[in-house]
Amino acid sequence: MTQRKTKAVVIGGLVVAITLLHLFTNDRYVYLHIFYRHLYYVPVILASFWFGIRGGLATWVGVIVLYPAYIVAREGTWSWTPGNFDRIMEFVVFLILAILLGSLLDREKAHQKALRESEALAAIGRAMAGVAHDMKTPLIAIGGFANQLKKRFEEDDPGRQKLEVVVRETARLESMVKEMLDFSRPLKLNLEQSDLNVLIRETAPMIEEVAKEHQVIVHMELATELPVVHFDRMRIEQALINLGVNAAQACPEGETVTIRSFLESDKVVLEVSDRGHGIPHEKKEEIFNPFFTTKKGGTGLGLAIVKKIIDAHDGRLELVSDVGEGATFRISLPINRSRPERPDKEPESEAS
């Protein structure tokens, strides 16, 4: 039995045991019943500390189900007596305690997780920067010499074909080194006020080139009007190309990659959807980790770089995926000024 299951069994056992103490203690011992009722604080507090707000609320639900059941078993009915009202007020205190403790713990866990991830990414970044720096010069030399040698061979010479493989693989390694350097370097954003739709339309042709190679269609559904937001055009373009190319590569032939933009509350949202196999639920937490990839030959840094870019913009990157129904990556960027006073319009539809 895992530690998590053991804790759940302990909490459930405490709630049941306290209720049984009530049930098998004579009603004459009023003070014992009051003491037992206060014992319910123990499983509620433990659940909040161990499982957060969900665990605290689940335990509270268990208490309010079992304790009234004990009252009904003892008295045959539930009546609104002063004593029962006092018990209900105590259950309200249980609820408030579960919410407060659970919320505090969830917030602390999120903070600790973010801190660990930040430290881990910083360490990975330093290591990659050193490796990439050492690899960059030899790769440039190999690619350059291989290109020069290739020119000395005839087109149909086997030696030329082998050198073309060397040049192609060297270029792939150089691309990997570039990704490693992009990930390891601190981001310096050149923020400017701009229209996200304009950037999407300018970037779409680059995604379409890759989509054509995979016989995939790119379709755009852009909101007719979006408020301008502050973002680094080069970085957001890099993120969009990365997501768009990934989507095109994930789609079967004849399927569609959809790029959407819309306004949601105080955020401008950009979505890139594919019609591939989707990403299994158990891998959703890992998909943005450095070096995690589901693609053959991938570096596993593409999505990590996209997340780094969006985080630097104080935005949010989310994955919405159902196995067999494709994947949608959603970028949310905050609006830096109040929403313009104009009626919402239906998105326009553009096909490429």
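What counts and how
Residues numbered from 1 in each chain as written. Predicted model: local features only at pLDDT ≥ 70, side-chain atom pairs only at ≥ 80, totals over all residues. Heavy atoms only, no water. Core = buried A, V, L, I, M, F, W, Y, C linked by side-chain atoms within 4.5 Å. Buried < 20%, exposed > 50% of the residue type's maximum accessible area, 1.4 Å probe, protein only. pLDDT = per-residue confidence, 0-100. Contact = heavy atoms within 4.5 Å. Phe/Tyr/Trp six-rings, centres within 6.5 Å; stacked < 30°, edge-to-face > 60°. Helix = DSSP H or I, 4+ residues; strand = E, 2+ residues; numbered from the N terminus.

**A word on the nonpolar core**
Across soluble globular proteins, you tend to see nonpolar side chains buried next to one another. Core analysis: the biggest nonpolar cluster contains 44 residues, and L196, I200, I236 and F329 have the highest contact counts within it. Counting 13 residues, the second largest nonpolar core, distinct from the first, contains V15, V44, W60 and I71.

**Re the confidence of the model for the chain**
Model confidence for the chain is summarised by a mean pLDDT of 79, while 78% of its residues fall at 70 or above. For the stretch residues 337-352, pLDDT sits under 50, and the model shows 32 contacts to residues farther than four places along the chain or on other chains.

**Focus on the packing of aromatic side chains**
All told, the structure shown has one aromatic pair when counted by the stated rule. A centroid spacing of 6.2 Å and a plane angle of 55° characterise the contact between F35 and Y36, whose relative ring orientation is tilted. For Y36, a relative accessible area of 10% corresponds to the buried category.

**Examining unusual backbone geometry**
Even without being a glycine, S265 presents a positive backbone phi close to 55°. Positionally, S265 belongs in the loop between β4 (256-264) and β5 (267-273). Owing to a relative accessible area of 55%, S265 belongs among the exposed residues under this scheme. Non-glycine residue D314 carries a positive phi angle of around 60°. Assignment of secondary structure puts D314 in the loop between α8 (302-312) and β6 (316-321). D314 gets classed as exposed once you look at its relative accessible area, which sits at 66%.

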